[in-house]
Each structure stands twice: as structure tokens, then as C-alpha cells.
Amino acid sequence: MHYDTVIIGAGMSGLAAGIRLAYFDQRVCILERHEVYGGLNSFYTLQGRQFDVGLHALTNYAPKGTKQGPLPKLLRQLRISHDEFDLREQNFSEIRFPGKKLRFDNGGALLVSDVAEQFPHQIDGFARLWADVEAYDDVAIDVTPRSSRKVLAEYISDPMLIDMLLCPLMFYGNAQEQDMDFTHFVTLFKSLYCQGFARPRDGVRAILKTLVRKYKGLGGKLRTRSGVQRLEISNGQVASLVLDSGETITANTIFSSAGYIETMRLCSDADQSPPTGEVGRLSFVESISCLDCTPAELGHQPAIVFFSDMDHFEYARPDGLIDPRSGVICCPNNYRDHEHLTEGMVRLTSLANYDRWSALDADAYKQAKRDCYKHIADTAIKYVPEFRQRVTFTDFFTPLTIERFTGHLNGAVYGAPSKRRDGCTRLKNLFICGTDQGFLGIVGALLSGISMANMHVLAKQ
Amino acid sequence: MTEQQVKEIVLDIISVVAPDSELDGVKSDQPLRDQLDLDSMDFLDIVMELRKRYKIEVPKEDYPHLASLDSCASYLLPHFSEVGADTAAG
């Protein structure tokens, strides 16, 4: 078979690129290794319950009718209406550090008032930071990387406030340990604090099903259980794709959302030595617990709680299996108009070490899951009411689960620490979209697919 | 095909590219970008829709001709005649 464009991976970025190209009459095929589409943001059903993978919250929320900002922009580009995602806003979220609590809601008013109350001497600097962030052009592709910690120190003198502001941004989209590039900080600051969180009423599947329906309706082909085994290279470009089944497909242009190094290793002329340096190191464990009551009935209202037990927030690969000293507590029930979720759910996320998990044998792996869940829950109940007696069912995933479903080496959720913003590779018809292109989160991933399709195919025709 | 019809076609395309736009009061001699908050992604879409619907090619160097409804009309009218798009525009 020959296509105008083949896209590797049916995650958010691949589906968005596919919709753009199919809408403008390209013959497009998306190849997905797994049975289910979605990649990092997918869904599954277990014991009759529906679960989301990835999605805690859709960031960059903008109410219906808003013209500016990433969410309205991507909806326009995909010809999808705001109603189709069926988004509901969060109640509010919290950042909890020893002795300090900051809340934030959509639009930022609550965060500003909590900073003024909890850090009265910092509010002028924080207001200056807010104004500068809003005015900053974070979509420019050619900017020199700068340390966020250094830039933030020009505005804020209390190191705990700096760490509290960084904590949610790092957990929700930073591939670098301990620090992050300032442009990336601005993108995430806007998406979490200035814009905020929402959730599709029926979870991530509402978004994915809308995308797939749109894509197929435009004539796009989606093939699941079709992993790419090899990219045949000749004359500086991809000549064909060889699938795991041995089938060969050709295409004028190839987009890959499999990760930069992961994609380049598929090339027939690639050096197959183990990759070094550029591979992401940050991964997570997550437990999903179902409760026989809602979190609100236990007195817990926030959608998301980001916590650190230490004054100084450590965002790094832990030495042990996990780092239970910090984490994220997500309650999908705590979004507006979510009464249809009669069963409560608490998701606990912590940093984890891929190598430690992959070194375990099957029995030790099972036991480690139980131990880590207990350990994380012990810390979490400082920030959420005691819920453990109300748990009816728990599922737990590890860096190995992430690697299996996303193909990202090391189970690196946010990919490699250095990004390729223009999507280009050494091969002239192969482009990277998704995590390693550098726009993260659901909204970021969708914009990544859109902008790569625009830049490398549509604007060139 | 008249210039007025071309303007209506462009407005119809904008209603798809930027569905929340308030198109009633658009001044035809003023830049669309400022009146409707359109950005470069939206303009690429207008160009792409012209190609998709009417097989009209607008090269990148000609994008400035799409600035206002008036300039769209005078620039695009000859293109519509060339591709015989009168009937397609229906």
C-alpha cells in the first residue's frame, strides 16, 4: 500500500495530525501497535469499571466561546466543537508543602489571593512574574534555554514558594530533572495556573472517540495491532515501513509519535548500540483506587493535590523503586457536574525508577506493587482524608506498564529531556510529533500533531 | 462570479475555519486579522479551504492579498474564473 502520509502511533498527536491531513484530502494511515488507540492517554475496562490512563486533567481550559488560547485554537484546527469534548471545570486544586497550602482554580484568582495570604512578602514579585509570563511568547521556536529556577529567583526570594509553583508544573509535563527550561515553564504556568483544569464528563475516551470518529469520517485509515518493525532508509529518506507482520507500506511523508530515539532506532541504517544521554529518566507509578463513597463524602473537594513532604521539592529519578515523599492525588469526582460518577476514585502518583522495577522478577514485582501502594497511601493521607477502609478495588501501574503501552524507553512519560521543536530528523521525509517534539499534555499533544502536519505537509504543498 | 460572491465565499470559509467569529459587522476594507482575531494558522486554513473547495492555489508570497475582504475579492476573482469555479461555488 502507498499513502501520502503514514503516522506511527494513534495517540493524541498522531490522531490530530491525521485529522488535519485527511481533512485536506490526503490519503493517511495511522499505525498503532496496540489494540486500543490513545497511547499515553488511553482507557481500559477492568471488572466492569472504566479507567483512564494518563488523564488526570485536561489543562489549558478555556470556556466555550473563547477565541484565544491553545484549546480554542486546536478545536478550530480540527473542526471540532467545544461541546464534543463535554468538558467540566475542576472544583479547585491544591499545592501542599510543610506548613503551607496554596489553592488554585481556573483563571488564577484563587492562587493570587492564596499567595498573598501565605507569602505576603512575595506577592509583589509574584504579581510581576504573572504579568511577565502572560506577556511572554512561549510558542517561538528558536529561544535560548534558560533555567527556570534562576529566572524565578529574580522575582521570588522564598525558595519554598518557588518549589511550590514548580511542583505541579514538573509533575504535569517536565522531562528534565530538578529544573526546567523557562519557556517550557511559561507554557505550563499558563496552562495550569492562568487557564486551568477540566475533565471530559466521560473521561479521556470522550476525547479519543471524538478524534477517531472525526478521522475515520474523513476517510483516514486507522490500523491497530500494527507495530512498525523497521524503517527502510535509502538516499537520506524513509523508503518504506516494514510492519511486525512483515508487510511493507510506502508513504511520501512519515510522522512518528514513538519518541525521537525510539523512532531513529527503527531506521535500517541505525546504530543499534544502547542509547545514552538523551533518553528520559523520569517515570511514575500510579495507583487507582475505587471507593464505596465519593471523596466529597469524606470531606475532600480538590480535583488534584500536588504535595511534597520536604521543604525542598525533589524532582528526580529516585534511588529506590519510588519516591513517596512527593506526589499527586487526583480525584476525577471533584469536577463540576460529575455526580454521575457514583463510585469514588483516588489516584496516587509518585516518581519511580525504571531500572529498579525492571530488575524485579515476577513475584517480587507483584509484591513491590503492594508495598509501594501502601507506602504512597501512608504519605497521601496527610493530604486527603483517610480513605483506605473505603477502597473496594485497586489497580497499580509502574514504569514497565508505561513502557509497554507507549513504547517510551525507560517508561519516560514526558520523553527525552531535550525536545525537537521543529520535528525534523536527519531524514528528509521523517518528522517527530508528540512527546519528543515538545508540546505536552493532551492539549499540547494535539497541538503538536496539528502544527507538525501544518508545517511539514500542508504549508509545503 | 462577482466580487460580492467571492466575499461571501471567503466569509463562508471563515465561518468554518473560525466558527465563533461574529461575521455580520465585518468591514470589507479593514484587515480580517484584526477584526476577527485570526492568526497565521487560521490564514493557512483559509488558503487550504480555497484549494480543497475550488482548487485555487494561493502561493505563500500572495498571502498578503488575503488581508481584507476587498483585497481577497480583487485577488481571487480572476482565480475563480480561471478554474471555472462559478458552478462549484453554486
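Residues numbered from 1 in each chain as written. Chains lettered and ligands numbered in written order. Predicted model: local features only at pLDDT ≥ 70, side-chain atom pairs only at ≥ 80, totals over all residues. Heavy atoms only, no water.

Chemist: Can you tell me about the side chain of Gln90(A), naming the residues and giving the values?
Modeler: All names here are of chain A. The residue Gln90 is located in the loop between β5 (87-89) and β6 (93-97) in this model. There is a polar contact of 2.6 Å between the side chain of Gln90 and the side chain of Ser93. Separated by 2.8 Å, the side chains of Gln90 and Asn106 make a polar contact. Every residue in contact with Gln90, bar those within four places of it in the chain, is listed here: Phe104, Asp105, Asn106, Phe197, Ala198, Ala303, Asn334, Tyr335 and Arg336. (Helix = DSSP H or I, 4+ residues; strand = E, 2+ residues; numbered from the N terminus. Polar contact = N/O pair within 3.5 Å; in protein donor to acceptor, adjacent residues only side chain to side chain. Contact = heavy atoms within 4.5 Å.)

Chemist: Before we move on, can you summarise the confidence of the model for chain B with the specific residues and values?
Modeler: Close reading of the predicted structure is inappropriate where its pLDDT is low. A residue-level look at chain B finds 92% of positions with pLDDT of 70 or above and a mean pLDDT of 89. For this predicted complex, the interface score ipTM comes out at 0.88, alongside a pTM of 0.94. (pLDDT = per-residue confidence, 0-100.)

Chemist: A description of the sheet that holds strand β13 (residues 283-291) of chain A should follow, citing residues and the corresponding values.
Modeler: All names here are of chain A. Reading across the sheet, the seven strands line up as β7-β6-β14-β15-β16-β13-β17 and stay open at both edges, with mixed pairing between neighbours. A single partner strand is all that each edge strand has here, and the edge strands are β7 (100-104) and β17 (391-397). On average, each strand axis in the sheet is inclined to that of its neighbour by 20°, with strand direction left out of account. Taken strand by strand, helix α7 (residues 159-171) contacts β6, β7, β13, β14 (304-308), β15 (322-330) and β16 (344-352), and its axis lies near 130° from that of β6. Most of the contacts of helix α12 (residues 362-380) go to β15, to which it runs at about 65°, and overall it touches β13, β14, β15, β16 and β17. (Pairing = 2+ DSSP bridges. Axes fitted to C-alpha atoms, helices over the stretch in contact; angles between N-to-C directions.)

Chemist: How would you sum up the packing of aromatic side chains? Please name residues and give values.
Modeler: Applying the stated criterion across every chain, the model contains 26 aromatic pairs over all chains. Taking the centre distance of 5.7 Å and the plane angle of 50° together, the rings of Tyr172(A) and Phe197(A) count as tilted. Here the residue Tyr172(A) occupies a position in the loop between α7 and α8 (182-195), and Phe197(A) occupies one in the loop between α8 and β8 (198-200), the gap between them amounting to 25 residues. Note on accessibility: Tyr172(A) and Phe197(A) belong to one class, buried. An aromatic cluster of at least three residues, connected via ring pairs, comprises Phe104(A), Phe126(A), Trp130(A), Tyr136(A), Tyr172(A), Phe182(A), Phe185(A), Phe189(A), Tyr193(A), Phe197(A) and Phe306(A). Taking the ring centre of Phe119(A) as reference, the NZ or CZ of Lys100(A) above it sits at 4.7 Å. Against the face of Tyr23(A) rests Lys52(B), its NZ or CZ located 4.3 Å from the ring centre. (Phe/Tyr/Trp six-rings, centres within 6.5 Å; stacked < 30°, edge-to-face > 60°. Buried < 20%, exposed > 50% of the residue type's maximum accessible area, 1.4 Å probe, protein only. Lys NZ or Arg CZ within 6 Å of the ring centre and 35° of its normal.)

Chemist: An account of the interface of chain A and chain B is needed here, citing residue identities and associated values.
Modeler: If you look at the interface, chain A gives 17 residues, while chain B gives 18 residues. Note on chain A versus chain B: buried area summed over both sides is about 1,600 Å², and carbon and sulfur give 48% of it. Linking chain A with chain B are six salt bridges. Asp25(A) is the partner of Lys52(B) in a salt bridge, and the nearest nitrogen-oxygen pair spans 3.5 Å. At the junction of chain A and chain B, the tally comes to eight residue pairs in polar contact (both at pLDDT 80 or more). Elements with a minimum of two residues in the side of chain A that touches chain B: α1 (12-23), α2 (70-78) and α14 (441-456) of chain A. Element by element, the count of residues in the side of chain A that touches chain B is highest for α2(A), at three residues. Its residues placed into classes, the side of chain A that touches chain B shows five nonpolar, six polar and six charged. (Buried area = accessible area lost by both parts, 1.4 Å probe. Salt bridge = Lys/Arg side-chain N within 4 Å of Asp/Glu carboxyl O. Nonpolar A, V, L, I, M, F, W, Y, C, P; charged D, E, K, R; others polar.)

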